Each structure stands twice: as structure tokens, then as C-alpha cells.
Amino acid sequence: MDTKQIAYSRFTEIGLPKPRNDDWFFFPNAVLKNILVQPVTESSSESIAKEFDLGVETEKNIAALIPLIQTRKAFVKKIPANEQETGILKARDDFSHTLFHIQKGADVSLEILDNKNEHDFTAERLDFFLEENAQLELFFCNPPQKHNLQFRHIRIVAAANASIKILGVQQNTGCYRQSFDLFLNGEDSTVDFRLLNKLEDDTEAHYHLIIHHNAPHTKSNQLVRQILNGKSHVSYDGAVHVGKDCTEVNSAQLINSILLSEEAKVSIKPVLKIYHDDVECSHGNTCGELDAESLYYLQSRGIDAKKAEDILLQNFAVNTFSELNSSVGSKRILSAITNRA
Amino acid sequence: MLSIQNLKASLKDGTSILKGVNLTVRPGEIHAIMGPNGSGKSSLFKAISGHPLYQIDSGSVTLNGKDILNLDISERANSGLFISMQYPIEIPGVKNIDFLRMALDSKRAYLGLEKIKDSEFNELMDRYTSLLEMDDRYRNRGVNEGFSGGEKKRNEILQMAILNPLVACLDETDSGLDIDALRIVARGINELMTPEKSVILVTHYQRLLDYVKPHFVHVLRHGKIVQSGGPELALQLEEQGYDWIGEV
Ligand SMILES: Nc1ncnc2c1ncn2[C@@H]1O[C@H](COP(=O)(O)OP(=O)(O)OP(=O)(O)O)[C@@H](O)[C@H]1O
Ligand SMILES: [Mg+2]
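About the criteria used
Residues numbered from 1 in each chain as written. Chains lettered and ligands numbered in written order. Predicted model: local features only at pLDDT ≥ 70, side-chain atom pairs only at ≥ 80, totals over all residues. Heavy atoms only, no water. Helix = DSSP H or I, 4+ residues; strand = E, 2+ residues; numbered from the N terminus. Rg over C-alpha atoms; globule rule 2.2 N^0.38 Å. Buried < 20%, exposed > 50% of the residue type's maximum accessible area, 1.4 Å probe, protein only. Areas by Shrake-Rupley, 256 points an atom, 1.4 Å probe, with all protein chains shown as cover. Lys, Arg positive; Asp, Glu negative; His and termini not counted. Charge placed at Lys NZ, Arg CZ, Asp CG, Glu CD. Donors = N, O, S within 2.8 Å, 3.2 Å for Na, K, Ca; no water. Domains from an automatic or database assignment. Contact = heavy atoms within 4.5 Å. Buried area = accessible area lost by both parts, 1.4 Å probe. Salt bridge = Lys/Arg side-chain N within 4 Å of Asp/Glu carboxyl O. Polar contact = N/O pair within 3.5 Å; in protein donor to acceptor, adjacent residues only side chain to side chain. Pairing = 2+ DSSP bridges. Axes fitted to C-alpha atoms, helices over the stretch in contact; angles between N-to-C directions. Phe/Tyr/Trp six-rings, centres within 6.5 Å; stacked < 30°, edge-to-face > 60°. pLDDT = per-residue confidence, 0-100. 1 Å grid on protein atoms, 1.4 Å probe; cavity = no way out; pocket = protein on both sides within 12 Å on 5 of 7 lines; lining within 4 Å. Points joined across faces, edges and corners; volume = space filled by probe spheres on them. Nonpolar A, V, L, I, M, F, W, Y, C, P; charged D, E, K, R; others polar. Patch = residues over 30% accessible without salt bridge, like charges linked within 9 Å, V, L, I, M, F, W, Y side chains within 5 Å.

Okay, the overall build of chain A next. What chain A contains, in helices and strands, is 6 helices and 16 strands. Computed over its C-alpha atoms, the radius of gyration of chain A comes to 20 Å, within 12% of the 20 Å expected for a compact globule of 341 residues. In terms of principal-axis extent, the alpha carbons of chain A reach across some 70 × 45 × 35 Å. For chain A, with 341 residues in total, the buried portion stands at 57%. For chain A, the exposed surface amounts to about 14,800 Å²; the carbon and sulfur share of it is 47%. The distance from the centre of the 36 positive side-chain charges to the centre of the 47 negative ones in chain A is 4 Å.

As a further point, take the coordination of the magnesium ion (ligand 2). All names here are of chain B. Binding of the magnesium ion (ligand 2) to the protein goes through Ser 42 (OG) and Gln 86 (OE1), at separations of 2.0 to 2.1 Å. A residue pair is termed long-range when its members are at least 10 positions apart, and Ser 42 in helix α1 (residues 41-49) and Gln 86 in the loop between β6 (81-84) and β7 (91-95) qualify at 44 residues. Taking the relative accessible area as the measure of exposure, Gln 86 reaches 17% and is therefore buried.

Once that is clear, we can look at the domain arrangement of chain A. Residues and elements named next belong to chain A. Segmentation of chain A into domains returns domain 1 (3-289) and domain 2 (292-341). Taking the mean C-alpha position of each, domain 1 and domain 2 sit 27 Å from one another. In this assembly, 26 residues from domain 1 lie in contact with 19 residues from domain 2. At the boundary of domain 1 with domain 2, total buried surface from both sides reaches about 1,800 Å², with 69% on carbon and sulfur atoms. Counting the contacts that link domain 1 with domain 2 gives 1 salt bridge. As a salt-bridge pair, Glu 111 and Arg 332 come within 3.2 Å of each other at their nearest N and O atoms. For the interface between domain 1 and domain 2, the tally reads 6 residue pairs in polar contact (both at pLDDT 80 or more). Residue assignment for the side of domain 1 that touches domain 2 shows that the elements contributing at least two residues are β4 (107-113), β6 (135-140), β8 (163-170), β10 (190-199), β12 (219-228) and β14 (249-259).

We now examine the sheet that holds strand β2 (residues 84-90) of chain A. Residues and elements named next belong to chain A. Pairing within the open sheet is parallel, and its 8 strands lie in the order β2-β4-β6-β8-β10-β12-β14-β16. Each end of this open sheet is capped by a strand with a single partner; those strands are β2 and β16 (279-288). Adjacent strand axes in the sheet meet at a mean angle of 5 degrees, parallel and antiparallel pairs treated alike. Relative to β6, β4 is paired through 5 bridges, and the arrangement is parallel. Within the sheet, the bridge partner assigned to Val 108 lies in β6 and is Leu 136. Of the strands in this sheet, β10, β12 and β14 are in contact with helix α5 (residues 305-318), which crosses β12 at around 155 degrees.

A ring pair, where both rings are aromatic, is described by two values, the distance of the centres and the angle of the planes. Residue and element names in this part refer to chain A. If you walk through the whole model with that rule in mind, you get 15 aromatic pairs over all chains. Ring centres of Trp 24 and Phe 27 lie 5.2 Å apart, and the angle between their planes is 90 degrees; on these two criteria the pair is classed as edge-to-face. Taking the relative accessible area as the measure of exposure, Trp 24 reaches 4% and is therefore buried. On the numbers, 5.4 Å between centres and 75 degrees between planes, the contact of Phe 95 with Phe 121 is edge-to-face.

This brings us to the confidence of the model for chain A. Averaged over all residues, the pLDDT of chain A is 89; the fraction at 70 or higher stands at 94%. Confidence, expressed as mean pLDDT per element, reaches its minimum in chain A at helix α2 (residues 46-51) of chain A with 63 and its maximum at β6(A) with 97.

Residue and element names in this part refer to chain A. Of the pockets and cavities examined, the largest pocket occupies roughly 510 Å³. Those elements that provide at least two residues to the lining of the largest pocket are β7 (149-158), β9 (175-184), β11 (204-213), β13 (233-242) and β15 (265-274). Per-element accounting of the lining of the largest pocket gives the leading share, 5 residues, to β9. Considering only residue class, the lining of the largest pocket consists of 6 nonpolar, 8 polar and 10 charged.

Our focus in this paragraph is a nonpolar patch on the surface. Together, B:Tyr110, B:Leu111 and B:Leu113 line one region of the surface with nonpolar side chains, adding up to about 280 Å² of accessible area. Among the residues examined, B:Tyr110 registers a relative accessible area of 34% and is labelled partly exposed.

On to the interface of chain B and chain A. Taken together, the contacts link 29 residues of chain B with 16 residues of chain A. A buried area of about 1,900 Å², summed over both sides, lies between chain B and chain A, and 64% of it is on carbon and sulfur atoms. Between chain B and chain A we count 1 salt bridge in total. Elements represented by at least two residues in the side of chain B that touches chain A include exactly α1, α2 (73-78), β6, β7, α3 (96-110) and α6 (149-163) of chain B. Here the residues of the side of chain B that touches chain A sort into 17 nonpolar, 10 polar and 2 charged.

Next up on the list: the pattern of salt bridges. One pass over the full model with this rule turns up 23 salt bridges over all chains. Salt-bridge contacts for B:Asp126 lead to B:Arg139; the nearest nitrogen and oxygen are separated by 2.7 Å. With B:Asp126 in helix α4 (residues 118-131) and B:Arg139 in helix α5 (residues 137-140), the pair connects residues that are 13 residues apart, well separated along the chain. On the basis of relative accessibility, which here comes to 42%, the residue B:Asp126 falls in the partly exposed class. By relative accessible area, B:Arg139 is classed as buried at 14%. Of the charged contacts in the structure, one is a salt bridge between B:Arg221 and B:Asp243, with a shortest N-O distance of 3.9 Å. Of this pair, B:Arg221 sits in strand β11 (residues 216-221) while B:Asp243 sits in the segment after α9 (231-240); the two residues are 22 residues apart in sequence, bridging distant segments of the chain. A relative accessible area of 69% means that B:Asp243 is categorised as exposed. Bridged by salt links that share partners, the residues A:Asp22, A:Asp237 and A:Lys269 form one connected network.

Shown next, in the form of C-alpha cells:
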């Protein structure tokens, strides 16, 4: 069986999420009712399956399966050892699957652009396999399209000393769900995940992330911030799994939300699964309005209330990406935030 | 001229803090307000500047004849009121120099003036940072970000210098300053004093008043000014404390 068929049989096995499915708890599952999942017959991603384990047989997330089932042709790219590469990832079809094989010591920075198709339902899957010492930076900040329903699944497997950096700014969209499966399989591999949601109206952005610390000395950091207006809703389900025998693991998660309207909503579910003592994990979660003393201070210097608010919001947004080494992604993200304020 | 008449203010929970403050400060005058901890000195400044925790129950505050209590915080500031905070807060990520310029341009816009030119602003910055003996860290760091207690106070005075207010209310600017810094800041205050401006100093110590000589000294206690006098009152307070002053 090829990947497409395995994915389809796995999909029919697990089916659409039932009410009270933990992984889809905050998602408005009603929007899934009308989606139709059927394998397309043209081409297949068979060649991929032989070389890489995509974890399809045990996949629990339909958003990881649908692109495999419905894509016409997978896009596969190899970055040779020690090469440097910057580029753009852009899905052309409603359903797409992209796989990068990043070899030893290669350094890759990729901007993910939104699918420009204006369709009811799009789903994309991105796979990355990082060999030893490889570096991957993924970032997205383009003004998104208004899709009724959009899935993006990103799966990354990192070998020893590999580093993953994911930077994202999400602005208004329709209903959006992004899932991440990040495997720190080699010693000293790291992931730095920074996300800023700036939403308005009745938009929904849902995130499901699992970081698997499967080796000693692995390190992960999640910083997620949102500024929500209107009736927008963000949910963030960020899980950290630390495997047996994984000593000296370090993981941090910080989530800060600013709600600018009564009807905006944020739902947070941090999950820690640890099978080892020698683990340093921290997590924090704050939710509120802008700091009243800071607003007073700015205004007491003659800056009007609206401008003072803007300054503090901008600052909150920019600081999501502070202390990052300068990179293609960090520069692009910072200019996107500051230009659009 | 700042005129505070029978000002009563309370916290939003109803706790009464200011219980009828009367104070008139004419152009060219320096007033000192002293008083025990918790007597309402900082509250007086916060209340007249429009701090959101305080609610005005009665009384009036006018600046050059204009009622400022119905203005918002920034309008009061742009009309010429400046408060140097007892505990200046940090706004990391907003560069101090950008903040100063924004504040100045806000005031200029309020007064119907154009934005300040680069050269003019740089000249102001150079003049006042050298007057206050401040180095470049004060320009490029975030507002008060990582500043020591004394550095924050000095930065308040830099803001005052740049904004050039009619009435400057300095809340314990001297606490936290080392001996040299106190002298430098006091020199700054004196140099910025002109006949059309006035200063209200809140302090616990005579030390500052040796450098910045007040025309009037007031004692605030339990939310009221209970005693007023000349500079000699401060000396007497330093020797005898507050106990000899009766309640009114
Ligand atoms: N946010 C607040 N919540 C509750 N009480 C407050 C608040 N702000 C001020 N107060 C109370 O108001 C009173 C006056 O405080 P204020 O800070 O004005 O005193 P002060 O004279 O400046 O004292 P200090 O010399 O210690 O600076 C105090 O009893 C204080 O506890
Ligand atoms: Mg005080």
C-alpha cells in the first residue's frame, strides 16, 4: 500500500473528531461536518514512504492525514549537507504535501506563504527531517486568506544537535487550525517556538502542538502571545512529552494574552507528560488588559490614550520575538509587525 | 498659576484619601510639601494629574485659570502639568529617546505646533543630558529599563527638562539619588526654573531643600495641609518630626 492508501485507511479508522475529543476540544467541530475526504487517484507519494517514516500508521490527527490523502503530488526536496538555503513555501493546491530532507549541518530558512486559493477547505502538510547539526527556521507572517476552513500540519524530526526555530504572526483569518508535531530525537536538539496572534472579528485560530523530548539534553521553548479583539478566539493546546531516560531536559512555555474586547476569548491547555525526574519544566499563563500604570505613565507625558495603548500593544507584540538572534525570519517578522501597527 | 481648592479625592473603593486640600502656587514659586508616610502626598499629585485609581469627590484644580479636572491625563500634561513619579515604572522595548520625542511632539501637536525637527531635538537632548550629566545609555535603552532607582529619578528630570512644563510636581525626586546625583539634579531644577514656572517638591529631607530653596513649606497630614510656613518650617520638622503639629 502506498502512503495515500495507508493514510486513508487510518483516516477511516479514526474518523472525524467526536464531540469531547480532547485534541479538538476548543475547535468548532461543526465546521467539519461538510468536509468530504476522498483519495485523489492521480499520482502518489509512494516514493516518500520508503525513505521516511511519516508516522502515518499511528497518526491521531486527521489534519495530518487529509493532505496525504488528497494531494495530487508531493513535493520533495533535499538540502545537501552544509548548504545554506532560504526560500518560500507556498501551496498551490487546496491540498498539499511538502517534504524537506535537510542533511547534516545544512542551514535552512523558509517562509510559509498562505495558499492563495479561495476555497472552502484547504489542508497542507509540511514534513522536515533534520540530520545532525542541521538548522531550520520556519516563519510565517503574510496577511492570510479568508478560508472558511484551513488546516496546516507541520511535522519535524530532529537528530542530534539540530535546531528548529518557528516564528509566526497570525492575523485575521477565517477558521484556522495549525498543528505541530515536533520530535527532538537526537541529543542536544532544540526547538524555539514563538507565535503572535493578532485577531479581530469572529476569526478563530486553533493550535495544537506536541513537543516530544525523546533524547537527553534536549531543549524547548514556547512563547505564545495574543492580542484579541472583536469576537475572535484563540485556543492553544501545547503539550510537552519527555521520554524515559531523557535526562537534563529543559522546557519552557509562556502564554500571554491581552483581550481588548469582552467577547474575545482565549483557551489554553498546557499538558506535561514527564517520565523522568531530571527535567526542568516551567510554564506560565497570563491573561488581561494593558497595564494601567504603564498607560497612566505614558499619558502623564502628554501621549493620548489611544496612542499610549498602541505603543504598549506594539511593544507586547514585538517582545514576542525579542532576544532572537537576527535572522531572515526574525527581520521579516519584526518589520511585518512594526509596519502594520 | 496652579490653584487647588478644597480638593477631596478617594480611591475607587470609596476610601477617602484627600480631605480638602488647598494650595495656590504662583509663577516663580517653589513650594515644598512634607508629611508622614501615607499622608497623601503622592495621592495629591496622582489625583490632580488624573490617575485612574483616584476619583475626585469635590473641589477644583485650575492651571492658569483653566479647569483641568475635566481634561484627560494627556491634556493635563500638555497644558503644562508635569509629575515626576515617586516610583517611575519601566516600559521595556520603547526606546527612551523615542519616548521623549513622542511626548514632546504630543505636546507640540496639542499646542498647534509642528513636529520638532531632528536638529532642534538633538540640541535639546544634548543640552539637557549634559546638564544632568547623563550618558548615552539614557537615550537608547528602553524607558527606565534596567535603570537603577537613582537613574530613574534622573530620567524623570530629563523628561521634565524636555517637556518644559509650567508646573512641575516632583515626588521624592531626591530619594535614591547619591550625593553627587542630588547636587546635579538640584542644579538642573534650579536652572530650569524661570519666572513664569513653578515647582512643587515632595520630600522627606531638608537635604534637597538646601539646594533647591523653597519659598513655602507645607505639611500634609491625613489628606490635608495642616501647616504652612517658610523655609524655616522644614528645618523645624527635621529637628522635631511631625508630632508637634496638631490635627486640624
Ligand atoms: N492603590 C491603592 N490602594 C489602596 N490604598 C492606597 C492606594 N494608593 C494609595 N493608598 C493609600 O493612600 C494613602 C496615601 O498614600 P500616598 O502614597 O499618597 O502617601 P504618601 O504621603 O505619598 O506617602 P510616602 O511618604 O510613603 O510616599 C495611604 O494610606 C495609602 O495606603
Ligand atoms: Mg509618596
